[in-house]
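# Structural overview for review
Listed below, chain by chain, are the residues.
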Amino acid sequence: MSFFVEVIIPLSLPKTFTYKVSEAEFQYIQKGMRIAVPFGKNKIYTALAVDLHQNAPTLYEAREIHQILDEQPIVNEFQVNHWFWIASYYMCNIGDVYRGALPSALLLESETIISQQKDTVINESELSDDEFLIYEALQHQSSLKVQNIMDILNKKSVLPVIQKLIHKNIITLEEEIQEVYKPKLTRYIRLHPHYQSEENLIALLDTFNKNAGKQKELVLQYFQLQAQERKPISVKQLTETANTSAAVIKALVDKGIFETYYIQEDRVNFTQNQKENQLALSEAQQKAHDEIVNTFTGKEVCLLHGVTSSGKTEIYTKLIEQYIGQGKQVLYLLPEIALTTQLVSRLTKHFGNKVAVFHSKYSNNERVEVWQNVLQQSEKAQIIIGARSALFLPFANLGFIIVDEEHELTFKQQDPAPRYHARDAAIVLANAHQSKVLLGSATPSIETYYNATSGKFGLVVLKERFGKVQMPEIELVDLKDSYFRKRMKGHFSLTLIEQITEAFANNEQVILFQNRRGFSPVLECLTCGHVPQCPQCDVSLTYHKYKNQLRCHYCGYNMAKPTNCHACSSVDLETKGFGTEQIELELAELFPNKNIKRMDQDTTRGKYSFEKIIDGFKNREIDVLVGTQMLAKGLDFDNVSLVGIMNADNMLYHPDFRAFERSYQMMTQVAGRSGRSEKRGKVIIQTYNPLHNIIQQVTHNDYEGMYKEQLYERKIYYYPPFYRLIRLTLKHRDFEKLKEGSMWLYQVLKQNLSIPVLGPEEPVVSRIRNEYIRTIMVKIPGNASLQGTKKTIQKVLNSFEVVAQYRTIKVTVNVDFY
C-alpha cells in the first residue's frame, strides 16, 4: 500500500504537489509541518504538508520526500484555509501566498555542496590554475560550498569553473538544507563557586595587587549590581555599569574568579512598565465603547467613526482588556510601521510584556521568535501589533482584530503577489475564528462607510475630541493671490511664516506636510527646455540636493547632478516644483536657530530611524517636522499647535477615481495632528484653488458631504462600492508585441464577459525598468457572480499563456485594486 503527502511549494505555482512517504513517515507527519522535497532537477525546497492520503497522482510519478524538518506543526488549519481563500479571491498562486506568509528564515534555503568524485583518475597537468586550486582544496577537506570556492579563487563568477570540473567528472554537486534561524544567546557572568564562602572572598580581595585595581573595582561593582538587581547579571550590563573593557572581564575569567554561561532569550522584549492606573474613559468614549459591545452581539464587524484625537486608542485598549481577560489573542493592525513605535509604548504601559510586534523592519530571527510565541500561545504574544503581514501569524485562539486607520491604501499589498487587502482578509480570518473586527478611522473609506450605513457592518460615531478640545481652526491661503501681492518667501506664504513664528514664541511645535520627497521633481534647462529623463522608465529624474544627485523613484537609477544641459550644453539649469528637502532647507534659512527634521522614505530607512525622529519630536528636541504622508497616520503629539499643508493641489489632480476621497482623508488626517491637548490648534492650507469642493469640505470637517458627493459619482461611472474592479497589468520589453498581446486579451475578454471591460490603456508611467506597460480593467456589477467572472478571466488568461508569441508577456492580476 502506498502513502502520499500533499504539499505547497514556495514557488509561484497554482497547485499543490504529491510526494511519496513510507508508512512510518505517514503516521508521523501532521498537517502544517515543513518537509524538504526535491523539485526540478536538483533543487530542494521547504514545502508545507497540507494533506495526507493514499491516492497516487495520475499525471506524474510521485517522488520521495527528502526529510521532515519539524517535530510539531508550525502552521495551523486556520492559516492554511485562509491562504487558500486569499489565493482564490485575489487570483494568485498558493505558492506565492505561502512564500509571502512564512518568515523567510523558516523557508530553509538549499545550499550547493561540492565534493570530489570517487574513483576518477585525474591528470593534474590538464587542469587550469583555477580548476587546480579547487581540486587541491578538495584534497584537504571532503566538501566545499560555493561561497568557499569564491573565497579560494577570489572572484564572484565561479560557476563556469565548477561547470568545467563537472564536465571532466572531477566533482559532484549535492543540495544541502540549511536552517537559517538561530536563537539568541546572551552571555551572563557569575562568581566561581569557590569564592562563594566569605573567607575565600576576603582572601581574594586581598590578593589583588596595586596593578590589578581595575579588576578589584569590577569585582566590587559586581557585588553592588547583585545586591541591587537580585537576578542574573549579563556581561554587557557589567561592562557598561563598571565602565570597563571586555579585556578586564576576560582576565578575571582566565584567573578562575568569574565564570560565564549563556541563556537563550527573545530578541524583542518589552519590559514590564509600571502599569497605569485603571483606564478612565470620558463620557463620550464610554458611550461609544458600550455601543460597540452591543453591536458585537448581532454583527461581526463594527466601524468606529471617531474624529481625530477623539481617543479611539483608549477605547481599543478597554476592549482588548476584556478579550485578554477571556484568554483570547488580539491582533492590532496598523497601516504604517512608524505608528507601531508610539502604540507599543502606550500599550506596554497598560499590558506590560503581553505585547509583541511583527513587521518587515524586524530581522528574520526576530520575526521567527514572534511566530513561535504566537504558535505556543505564549503570554508574551497575547496582543500582536503589526503591519499587514501580521495577518499571517499562526493564531489558534484569535478573539478580536482591530484595523486602525482602515482607510489607508498601505493595507493593500501591491507587489509582489499575493496582492491582498489586509482589512478585507482580516474580516475573513475573523469569520473563521468566530471573532470580532473593529475598524477605526476619522475618515473611513467610502466602501466601508457604505457597508456600515447599509447595515452590513455596525456603525458607532464619536464626534467630540477627548477632553472636549475644539477641532483645529483651518485657514486657507490663496497662493495665486499671495504670489500676485508678493506675500511669499520661497514656498512659504507670509501668513504661514507669521503663524510658525507665533508657535515658536509660545514654545510649541510645528508640522509641515508636503507629499513629495526629494528637493524638486524636475530639473529643466532654461535655454532648450530639456528635462533629464530616466533611461529605463518614462519619468523625469527627481533632484535630491542632500546627495547632489538625480534619482528615479521607480527603478532607483541615479546620476550626479549635471553642471550643464545634456542636450545643448547650456549651464542655465533650474529646478521646478518642490519636495520635502527643499522645504527643510528654506525653513533652515528662515529660522536658523531651530531644530528642523525631515521624515520621509529617505530619512527612515534604518530599523530605529522612526523611533529616533518620533521620540525626538515627542521629547520636544525637534521644533519642526517636515514630512510626507507618513505624518498623516494617527501619530499623537500633544505640543503641536500648528500644521501647514504646503500645497493641497498636487493631491487633488491625480488621474485616479479615488483622488478626491484620498485628498480629503490625507488633509483631514494631517490637520488632526494639531491641537491635541488643551489648546485649540491651527491648520494653514496653501492652495491655488481655495473654492474647490474637497478643500471646502476639509475646512468645515464635512465628511458626510464628501461621502454623498463621491458616492453619487461612483454610481454614475460604475466604481466601487457598486462595482468590483479587477485590473490586469501586462508588461513586456517589446512595445509592438505588448500592444498586440494586450489587444488580443482585451478582445477575448470582451467576447466572454457581458460586463464592462476597459482598455488596453497606457498608465501614466507607461514604462518602468525598460518594460512597457498596458492595463485592462474589468468592472463587475454587484449583482453579477464574482466567482463565475473570475473563473472566466482565469480561463482566458490560461489560453493567453498557450499562445506561443505572447508567452513572454508578464500578466499580473490585481483584484479590488487601490
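## Notes on the overall build of the chain
- Secondary structure assignment for the chain yields 26 helices and 37 strands.
- The C-alpha radius of gyration computed for the chain amounts to 31 Å, which stays within 12% of the reference 28 Å derived for 818 residues, consistent with globular compactness.
- Summarising its shape, the C-alpha atoms of the chain cover approximately 85 × 80 × 70 Å along the three principal directions.
- Considering the chain as a whole, with its 818 residues, one finds that 52% of them fall into the buried category.

## Brief notes about the nonpolar core
- The biggest cluster of nonpolar side chains holds 148 residues, and the ones touching the most others in it are Trp83, Ile384 and Met599.
- At seven residues, the largest contribution of residues to this core is made by helix H13 (residues 337-351).
- The contact partners of Trp83, leaving out residues within four places of it in the chain, are Ile8, Leu48, Val75, Ile94, Val97, Tyr98, Ala101, Leu102 and Phe392.
- Core analysis: the second largest hydrophobic core is formed by 20 residues, Val219, Ile233, Ala242 and Val248 among them.

## What about the packing of aromatic side chains?
- Enumeration over the complete set of coordinates arrives at 30 aromatic pairs.
- Ring centres of Phe3 and Phe26 lie 4.7 Å apart, and the angle between their planes is 45°; this geometry places the pair in the tilted category. Note that Phe3 is positioned in strand E1 (residues 3-8) and Phe26 in helix H1 (residues 23-28), a separation of 23 residues in sequence. Each member of the pair Phe3 and Phe26 is classed as buried.
- Residues Trp85 and Tyr90 carry aromatic rings whose centres are separated by 5.9 Å and whose planes lie at 90° to one another, so their mutual orientation is edge-to-face.
- By the ring-pair criterion, three or more aromatic residues cluster together here, those being Phe17, Phe39, Tyr45 and Tyr60.
- Residue placement shows Lys779 over the ring face of Tyr719; its charged tip is 3.9 Å from the ring centre.
- Residue placement shows Lys790 over the ring face of Tyr89; its charged tip is 3.5 Å from the ring centre.

## Concerning the pairing of strand E33 (residues 723-732)
- Taken across its 10 residues, E33 has seven buried, putting it largely inside the fold.
- Two elements, E33 and strand E36 (residues 771-781), share 10 bridges in a ladder whose sense is antiparallel. Opposite Thr729, over in E36, you have Thr775 as the bridge partner.

## Points about helix H11 (residues 283-298)
- Given a rise of 1.5 Å per residue, 16 residues ought to cover 22 Å, and the 24 Å separating the end C-alpha atoms of H11 matches this to within 8%.
- Buried-residue contacts for H11 involve strand E13 (301-306), helix H12 (312-325), strand E17 (398-404), strand E18 (436-441) and strand E19 (458-462).

## Observations regarding a nonpolar patch on the surface
- Side chains of Tyr712, Ile716 and Tyr717 sit close together on the surface and give an oily, nonpolar patch of about 370 Å² of accessible area.
- As for its placement among the helices and strands, Tyr712 is situated in helix H24 (residues 703-716).

## A word on the pattern of salt bridges
- Going through the model one piece at a time under the given rule, you end up with 28 salt bridges.
- A salt bridge links Lys682 to Glu475, with the shortest nitrogen-to-oxygen separation between them at 2.8 Å. Here the residue Lys682 occupies a position in strand E32 (residues 682-687), and Glu475 occupies one in strand E20 (residues 473-478), the gap between them amounting to 207 residues.
- Given a relative accessible area of 15%, Lys682 falls into the buried group.

## Focus: the packing of helix H8 (residues 213-229) against helix H10 (residues 246-254)
- The N-to-C vectors of H8 and H10 enclose an angle of 85°; their axes lie 10 Å apart at closest approach. With respect to H10, the axis of H8 lies roughly perpendicular. Residues Lys214, Gln215, Leu218 and Val219 of H8 pack against Val248, Ile249, Ala251 and Leu252 of H10.
- Residue classes in the contact of H8 with H10 are distributed as six nonpolar, one polar and one charged.

## A closer look at the environment of Gln30
- Looking at where Gln30 falls in the secondary structure, it is placed in the loop between H1 and strand E3 (34-39).
- A relative accessible area of 36% places Gln30 in the partly exposed class.
- On a C-alpha basis, the gap between Gln30 and Glu740 in space is 49 Å, while along the polypeptide they are 710 residues apart.
- Residues within four places of Gln30 in sequence aside, it is in contact with Ala49, Glu71 and Pro73.

## Here's the deal with the pairing of E1
- Most of E1 is tucked away, with six of its six residues classed as buried.
- Going residue by residue along E1, you find Phe3, Val5 and Val7 tucked away on one face and Phe4, Glu6 and Ile8 tucked away on the opposite face as well.
- The sheet contact formed by E1 and strand E2 (residues 17-21) spans five bridges and is antiparallel. Counted as the bridge partner of Val7 is Phe17 from E2.
- Two elements, E1 and strand E4 (residues 43-53), share five bridges in a ladder whose sense is antiparallel. Looking at the pairing, Val5 lines up with Leu52 of E4.

## Thoughts on the side chain of Glu131
- With respect to the helices, strands and loops of the structure, Glu131 is situated in helix H4 (residues 129-140).
- What makes Glu131 buried here is its relative accessible area of 3%.
- Within the structure, Glu131 has its side chain in polar contact with the backbone nitrogen of Ser128 (distance 3.2 Å).

## Some details on the packing of helix H2 (residues 77-89) against helix H15 (residues 422-433)
- At a minimum axis distance of 10 Å, the contact between H2 and H15 shows a crossing angle of 140°. In terms of axis orientation, H2 runs oblique to H15. For the pair H2 and H15, the crossing hand works out as right-handed. Counting all contacts with H2, which are made through Phe78, His82, Trp85 and Ile86, the residues of H15 involved are Asp424, Ala425, Val428, Leu429, Ala432 and His433.
- Looking at the contact of H2 with H15, its residues break down into seven nonpolar, two polar and one charged.

## Notes on unusual backbone geometry
- Look at the link from Ala417 to Pro418: it is a cis peptide, with omega at 5°.
- Structurally, Pro418 can be placed in the loop between E17 and H15.
- Of note, the bond from Gly759 into Pro760 is cis; its omega dihedral lies within 30 degrees of zero at -15°.
- When you line up the elements, Pro760 lands in strand E34 (residues 757-761).

## Details of the sheet that holds strand E5 (residues 63-64)
- In space, the six strands of this open sheet follow the order E5-E2-E1-E4-E3-E6, with mixed pairing throughout. The open sheet is flanked by E5 and strand E6 (67-68), the only strands paired with a single partner.
- Strand direction decides the pairing type here: E3 and E4, joined by six bridges, are antiparallel. Residue pairing across strands places Arg34 opposite Leu48, the latter belonging to E4.

Reading the values: rules and limits
Counting of residues starts from 1 at the beginning of each chain's written sequence and follows it residue by residue. Local features in this predicted model are restricted to residues whose pLDDT is 70 or higher, and side-chain atom pairs enter the listing and the counts only when it is 80 or higher, whereas totals over whole chains, interfaces and linings include all residues. Only hydrogens and water are set aside when side-chain values are computed; all heavy atoms of the structure are taken into account. Each helix is a run of DSSP H or I of at least 4 residues and each strand a run of E of at least 2, with the numbering of both proceeding from the N terminus. Every radius of gyration here is taken over C-alpha atoms, with the globule rule written as 2.2 Å times N^0.38, N being the number of residues. The cut-offs for exposure are 20% and 50% of the maximum accessible area for each residue type, with area from a 1.4 Å probe on protein chains only; residues under the lower value are buried, those over the upper are exposed, and the others partly exposed. To form a nonpolar core, buried Ala, Val, Leu, Ile, Met, Phe, Trp, Tyr and Cys residues must be joined to one another through side-chain atoms within 4.5 Å. Contact between two residues is taken to exist if any of their heavy atoms lie within 4.5 Å; hydrogens are not considered. Here the aromatic set is Phe, Tyr and Trp, taking the six-membered ring for Trp, and pairing holds for ring centres within 6.5 Å; pairs whose planes are under 30 degrees apart are stacked, those over 60 apart are edge-to-face, and all others are tilted. In this analysis the charged atom, NZ for Lys or CZ for Arg, is taken to sit over a ring once it is within 6 Å of the ring centre and within 35 degrees of the ring normal. In this scheme, strands are said to pair when DSSP sees at least two bridges between them. The span one expects for a helix is its residue count, reduced by one, times 1.5 Å. Patch building starts from residues that exceed 30% relative accessible area and form no salt bridge, then joins like charges within 9 Å and nonpolar side chains (Val, Leu, Ile, Met, Phe, Trp, Tyr) within 5 Å. Accessible surface is estimated by sampling points in the Shrake-Rupley manner with a 1.4 Å probe; for residues, cover comes only from the protein chains shown. Think of a salt bridge as a Lys or Arg side-chain nitrogen and an Asp or Glu carboxyl oxygen that are within 4 Å of each other. In this analysis an axis means a line fitted to C-alpha atoms, helices contributing only their contacting stretch, and an angle means the value between N-to-C directions, from 0 to 180 degrees. Put simply, angles under 35 degrees are roughly parallel, angles over 145 are roughly antiparallel, angles from 65 to 115 are roughly perpendicular, and the rest are oblique. Charged residues are taken to be Asp, Glu, Lys and Arg, nonpolar residues to be Ala, Val, Leu, Ile, Met, Phe, Trp, Tyr, Cys and Pro, and polar residues to be all remaining types, Gly included. Here a polar contact is recorded for every N or O atom pair within 3.5 Å, except that within protein the pair must consist of a potential hydrogen donor and a potential acceptor, and residues adjacent in sequence are included only if both atoms are side-chain atoms. Note on convention: near helix rotated counterclockwise from far helix by under a right angle means a left-handed crossing. Clockwise means right-handed.

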